[in-house]
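Here are the chains, one letter per residue:
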Protein chains: 2
Amino acid sequence: MRDHFTPGEVAERFDLTLDTLRYYEREGLLRRVDRAPSGHRRYRADDVELLGLIRCLRDTDMPIARLREFAELLQAGDHTGHDRLDVLRRHQDRLDQRIAELRANQAAIQHKIDHYVGVPADSAPRPVEETS
Amino acid sequence: MRDHFTPGEVAERFDLTLDTLRYYEREGLLRRVDRAPSGHRRYRADDVELLGLIRCLRDTDMPIARLREFAELLQAGDHTGHDRLDVLRRHQDRLDQRIAELRANQAAIQHKIDHYVGVPADSAPRPVEETS
DNA sequence: GCTTGACCTGGAGTGCGCTCCAGGCCCCAC
DNA sequence: GTGGGGCCTGGAGCGCACTCCAGGTCAAGC
């Protein structure tokens, strides 16, 4: 892995726009990114790694505000490791809940579909476990 | 089931606000709801049933615009049954995809957590299938 | 008759997460 | 030295899904 990356490279890698990248920085999700003498951003390997995590967390609907809190813990130093882990673990729990909720709703919708089609509602139910 | 319901009753039943209920009507998710002589809304049993479906679909992130299309099909008459089913089935497919995506991201986050804790990344991986 | 509570209308406002824009700078290739 | 591409800044704008508000009506209970 190279030691620095241009905005264009990073944007492409995570399928983000340059605007979004700058927006995340403005919002405090990343520390102030390094600059080339020209003023252009130079992302370090650890910026890129953090962005990977941010991408995962955003893709699973963590709000920007919580990501900012996480970033603040990161910048506060190593002694916040426990709190950071806590944020991530809570997120995983919420994700479990969210997935369960989606499945429950999916099952309910499937009932409507079956009913629509004329199946007597509880014969041949959609096998929920096999839909993942 | 009674033959009509007040706004308050319906709102409580689906945990929606009166504002949201009116908003859905304005947006064409429901047909124009019946009125009492006083001008107050009276929801029929089939309005309530449709709202149940709407709730499921919204809770699984179907956008208002697609719900409106669905409602338009409903109002266009029985011959749209096929199209309506199609909308619902496509939604189920998207939901399958979304759930898979959430799980993949969850697994990636778990890797970060494990790495954080010092587990050598692929010993004792989080048992994804048991998290549902 | 008066109050209270539930509801009505049209329209404005909010929060979130981007997204776009104008005007400008730097660097490389031709 | 000129053109183009990539990037810079501050700030405005957007789409979505609500959410709130002012001012009003109606029915029931005291």
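Each chain carries its own residue numbering, running from 1 in the direction its sequence is written. Here chains are named by letter from A upward and ligands by number from 1 upward, in the order in which they appear as written. With pLDDT at 70 or above as the cut-off, local features in this predicted model cover only qualifying residues; side-chain atom pairs require 80 or more to be listed or tallied, and sums for whole chains, interfaces and linings still use all residues. Side-chain descriptors were evaluated using all non-hydrogen atoms of the structure, hydrogens and water having been removed beforehand.

**Looking at the protein's contact with DNA strand C**
- Surrounding DNA strand C, one finds 19 residues, the nearest of these being D19 and R58 of chain A together with G8, R35 and R41 of chain B.
- Here a residue counts as near a molecule or strand whenever at least one of its heavy atoms sits within 4 Å of it. Take the atoms of DNA strand C that sit within 4 Å of the protein: sugar and phosphate atoms are 73% of them.
- The definition of a polar contact used here is a pair of N or O atoms within 3.5 Å, where within protein one atom must be able to donate a hydrogen and the other to accept one, and adjacent residues in sequence count solely through side-chain atom pairs. At 3.4 Å, a side-chain N or O of R32 of chain B approaches a phosphate oxygen of DNA strand C.
- A distance of 2.9 Å is found between a phosphate oxygen of DNA strand C and a side-chain nitrogen or oxygen belonging to R35 of chain B.
- At the level of elements, α2 (18-26) of chain A together with α1 (7-14) and α2 (18-26) of chain B are the ones that each hand at least two residues to the surface near DNA strand C.
- Among the elements that line the surface near DNA strand C, the one with the most residues is α2 of chain A, at five residues.
- Under the scheme applied, nonpolar residues are Ala, Val, Leu, Ile, Met, Phe, Trp, Tyr, Cys and Pro; charged residues are Asp, Glu, Lys and Arg; polar residues are all the others, including Gly. Tallied by class, residues from the surface near DNA strand C come to six nonpolar, six polar and seven charged. Runs of H or I in DSSP of at least four residues are treated as helices and runs of E of at least two as strands, each being numbered from the N terminus.

**Focus on the protein's contact with DNA strand D**
- Residues in close proximity to DNA strand D total 19 residues, the closest being R22, R35 and R41 of chain A together with D19 and R58 of chain B.
- Of all DNA strand D atoms lying within 4 Å of any protein atom, the proportion belonging to sugar or phosphate reaches 75%.
- A distance of 2.9 Å is found between a phosphate oxygen of DNA strand D and a side-chain nitrogen or oxygen belonging to R35 of chain A.
- Only α1 (7-14) and α2 of chain A together with α2 of chain B provide two or more residues apiece to the surface near DNA strand D.
- Considering each element in turn, the surface near DNA strand D owes the most residues, five residues, to α2 of chain B.

**A closer look at the sheet that holds strand β2 (residues 34-35) of chain B**
All names here are of chain B.
- The criterion for strand pairing is that DSSP finds at least two bridges linking the strands in question. Reading across the sheet, the three strands line up as β1-β3-β2 and stay open at both edges, with antiparallel pairing between neighbours. Where the open sheet ends on each side, the last strands, each with one partner, are β1 (4-5) and β2.
- With two bridges connecting them, β2 and strand β3 (residues 41-44) associate as antiparallel partners. Residue pairing across strands places R35 opposite R41, the latter belonging to β3.

**Here's the deal with the relation of the copies chain B and chain A**
- Rotating chain B by 180 degrees about the axis while translating it 0.0 Å along that axis superimposes it on chain A, leaving an RMSD of 0.0 Å. The operation mapping one copy onto its partner corresponds to a two-fold rotation axis. Residue I99 of chain B of chain B places its C-alpha closer to the rotation axis than any other residue of that unit, at 3.2 Å.
- Every residue pair with non-hydrogen atoms within 4.5 Å of one another is taken to be in contact. Comparing interface residues between copies, 100% of those in chain B also sit at the interface in chain A, which points to an isologous, same-surface contact. Each copy is superposed on the other by least squares, with the fit set by C-alpha atoms of residues at a pLDDT of at least 70 in both.

**Some points on the pattern of salt bridges**
- The working definition used for a salt bridge is a side-chain nitrogen of Lys or Arg within 4 Å of a carboxyl oxygen of Asp or Glu. On inspection of all chains with the given rule, the structure shows 27 salt bridges over all chains.
- Its salt-bridge partner being E25 of chain A, residue R41 of chain A comes within 2.6 Å of it at the nearest N-O pair. Here R41 of chain A is found in strand β3 (residues 41-44), whereas its partner E25 of chain A is found in helix α2, with 16 residues between them in sequence.
- Given the relative accessible area of 10%, E25 of chain A is considered buried.
- In this structure, the salt-bridge partner of E25 of chain B is R35 of chain B, at a minimum N-O distance of 3.2 Å. Linking E25 of chain B in helix α2 with R35 of chain B in strand β2, this pair joins segments that are ten residues apart in sequence. Each residue is placed in one exposure class: buried if its accessible area under a 1.4 Å probe, protein chains only, is under 20% of its type's maximum, exposed if it is over 50%, and partly exposed if it falls in between.

**Observations concerning the interface of chain B and chain A**
- Chain B puts 35 residues into the contact, and the matching count from chain A is 35 residues.
- When two parts are put together, the accessible area they lose, computed with a 1.4 Å probe and summed over both, is reported as buried area. Buried area between chain B and chain A, both sides added, is near 3,300 Å², and the carbon and sulfur share of it is 61%.
- For chain B, the biggest contributors to the area lost against chain A are Q92, I109 and Y116 of chain B; these three give 19% of the whole.
- The tally of links between chain B and chain A comes to four salt bridges.
- Across the pair E49 of chain A and K112 of chain B runs a salt bridge whose closest N-O atoms are separated by 3.9 Å.

**Examining the environment of L53 of chain B**
- For L53 of chain B, the location among the structural elements is in helix α3 (residues 45-59).
- The class of L53 of chain B is buried, set by a relative accessible area of 7%.
- A C-alpha to C-alpha distance of 9.9 Å links L53 of chain B and L67 of chain B, two positions 14 residues apart in sequence.
- Once residues within four sequence positions are removed from consideration, L53 of chain B is found in contact with I109 and K112 of chain A together with F70 of chain B.

**A look at the pairing of β3 of chain B**
All names here are of chain B.
- Burial along β3 is one-sided: R41 and Y43 are buried, while R42 and R44, pointing the other way, are not.
- Sheet topology note: the β1/β3 ladder contains two bridges and is antiparallel. Bridge pairing links H4 to R44 in β3.
- Between β2 and β3, which follow one another and run antiparallel, lie five residues, and G39 among them has a positive phi close to 100 degrees.

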